[in-house]
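Below are the chains, spelled out letter by letter.
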Amino acid sequence: VFKPAGIPTSGNQFRTLENSLPGNVSPSNLENGFKYPKVVHRLDVPTSGIVLVAKTIQSRIALGKLLENNEIKKYYHAIFCGNIPDGGSISFPINGKPSRTDFQKIRSVPSIRNQIISLAEIQLFSGRTHQIRKHFAGIGHPIMGDDLYGEKGNIMKGKGLFLCATKIIFNHPITHLNIEIKIPIPNKFEKLLERESNMFDKYNKSL
């Protein structure tokens, strides 16, 4: 399912993704089916994108094991402050635990405030809390709109975090078929890149 930015995946609140599932996802008719579908993993509140949901106890356990063994491939898209390298891997520990984030830059555009901003695809090889946000902030390229790890005074209020879970690949726990689910990059990503580039061009023409 798709989780919008701004709501928790689950938790002790009324307005969560998991609480919205009963009215939008039909339950399983199998004997070990949940009364209501359950989320298998979480996304940060400000992060949008794909979340796996299980309808049966068997599938939730199986998907949980795949996650533990890093057998579910998770991809994200994000826009970063600055001109990130063309590609690479970030692997410094998070909270003392091994962590790895691979990335491939898609393109960069000029920006008045940041000089350059960069769109990239990211693949996670571990699932630490705020991993992408911490890794890129740690190399000096925080995600645009990150009010936790971003540069003070350079947070676009009201625009949200430019981070979205856009693709997930895994073996179906029942059929064992390879499943690939992907969604388009959010429209606000392209709008930001276009706006920053246009503002930069207008500023240079006015000099």
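Once a new chain begins, its residue numbering starts again from 1 and follows that chain's sequence as written. Predicted model: local features are reported for residues with pLDDT of at least 70 only, side-chain atom pairs are reported and counted for 80 or more only, and whole-chain, interface and lining totals are derived from all residues. The basis for every side-chain value is the complete set of heavy atoms in the structure, and neither hydrogens nor water enter the calculation.

Caption draft 1: Examining a nonpolar patch on the surface more closely. A surface patch of nonpolar side chains, amounting to about 290 Å² of accessible area, comprises I112, M199 and Y203. Put simply, DSSP H or I for four residues or longer makes a helix, DSSP E for two residues or longer makes a strand, and each gets a number counted from the N terminus. By the secondary structure assignment, M199 is in helix α4 (residues 187-206). Relative accessible area decides the class of each residue, using a 1.4 Å probe on protein chains only: under 20% of the type maximum gives buried, over 50% gives exposed, and in between gives partly exposed. Residue class for M199 comes out partly exposed when judged on its relative accessible area of 42%. Each patch is built from salt-bridge-free residues with over 30% relative accessible area, joining like charges within 9 Å and nonpolar side chains (Val, Leu, Ile, Met, Phe, Trp, Tyr) within 5 Å. All accessibility values rest on the Shrake-Rupley procedure with a 1.4 Å probe; residue burial counts only the protein chains present in the view. The salt bridge definition used is simple: a Lys or Arg side-chain nitrogen within 4 Å of an Asp or Glu carboxyl oxygen.

Caption draft 2: A look at the side chain of S99. By the element assignment, S99 lies in the loop between β6 (87-90) and β7 (101-111). Look at S99 and you get buried, because its relative accessible area is 4%. Any pair of nitrogen or oxygen atoms within 3.5 Å is treated as a polar contact; in protein, a donor-acceptor pairing is required on top of that, and neighbouring residues in sequence qualify only through side-chain atoms on both sides. Looking at S99, its side chain comes within polar contact range of the main-chain nitrogen of I94, at 3.5 Å. Any pair of residues with heavy atoms lying within 4.5 Å of one another is described as a contacting pair. Sequence-distant contacts of S99, defined by excluding residues within four places in its chain, comprise I90, S91, F92, P93, I94, S126, R128, Q131 and H135.

Caption draft 3: Summary view of the packing of aromatic side chains. Only centres within 6.5 Å qualify two rings of Phe, Tyr or Trp (six-membered ring in Trp) as a pair; their planes then separate them into stacked at under 30 degrees, edge-to-face at over 60, and tilted for everything else. Summed over the entire model, instances satisfying the criterion amount to 3 aromatic pairs. Both rings, one in F80 and one in F136, keep their centres 4.0 Å apart while their planes meet at 25°; by these two values the pair is stacked. Of this pair, F80 sits in strand β5 (residues 73-81) while F136 is found in helix α3 (residues 131-138), placing the two residues 56 residues apart along the sequence. Their ring planes at 55° and their centres at 5.5 Å tell us that F162 and F189 sit as a pair that is tilted. With F162 in the loop between α3 and β9 (163-171) and F189 in helix α4, the pair connects residues that are 27 residues apart, well separated along the chain. Directly above the aromatic system of Y75 lies the positively charged group of K167, at a separation of 4.5 Å from the ring centroid. Think of it as a cone above the ring: NZ of Lys or CZ of Arg counts as a charge over the ring if it is within 6 Å of the ring centre and within 35 degrees of the ring normal. Over the face of the ring belonging to F162 we find K188, whose NZ or CZ atom lies 4.4 Å from the ring centre.

Caption draft 4: Structural context of α3. Those residues of α3 lying buried are Q131, I132, R133, H135 and F136. If you follow the buried residues of α3, they end up packed against β5, β6, β7, β8 (115-124) and β9. G140, located one to two residues past α3, shows a positive phi value of around 85°.

Caption draft 5: Quick look at the side chain of K105. As for its position among the elements, K105 is in strand β7. In terms of polar contacts, K105 uses its side chain to reach the side chain of N83, at 2.7 Å. Here I84 takes part through its backbone oxygen, which lies 3.1 Å from a polar atom of the side chain of K105. Apart from residues lying up to four places away in sequence, K105 is in contact with N83, I84, P85, D86, S118, L119 and A120.

Caption draft 6: Structural detail: the environment of F2. With respect to the element layout, F2 can be found in strand β1 (residues 2-3). The partly exposed category is assigned to F2, whose relative accessible area is 46%. Separated by 49 residues in sequence, F2 and V51 place their C-alpha atoms 6.2 Å apart. Ignoring anything within four residues of it in the chain, the contact list for F2 reads L17, S48, G49 and I183.

Caption draft 7: Geometry of the pattern of salt bridges. For the coordinates displayed, the defined rule picks out 5 salt bridges. Ionic pairing is found between R133 and D44, a salt bridge with its closest N-O pair at 3.4 Å. Of the two residues, R133 is situated in helix α3 and D44 in the loop between β2 (33-39) and β3 (48-50); the sequence distance between them amounts to 89 residues. Of the charged contacts, one joins D86 and K105 as a salt bridge, the two residues approaching to 3.4 Å between their closest N and O atoms. Note that D86 is positioned in the loop between β5 and β6 and K105 in strand β7, a separation of 19 residues in sequence. Classification of D86 by relative accessible area gives exposed; the value is 56%.

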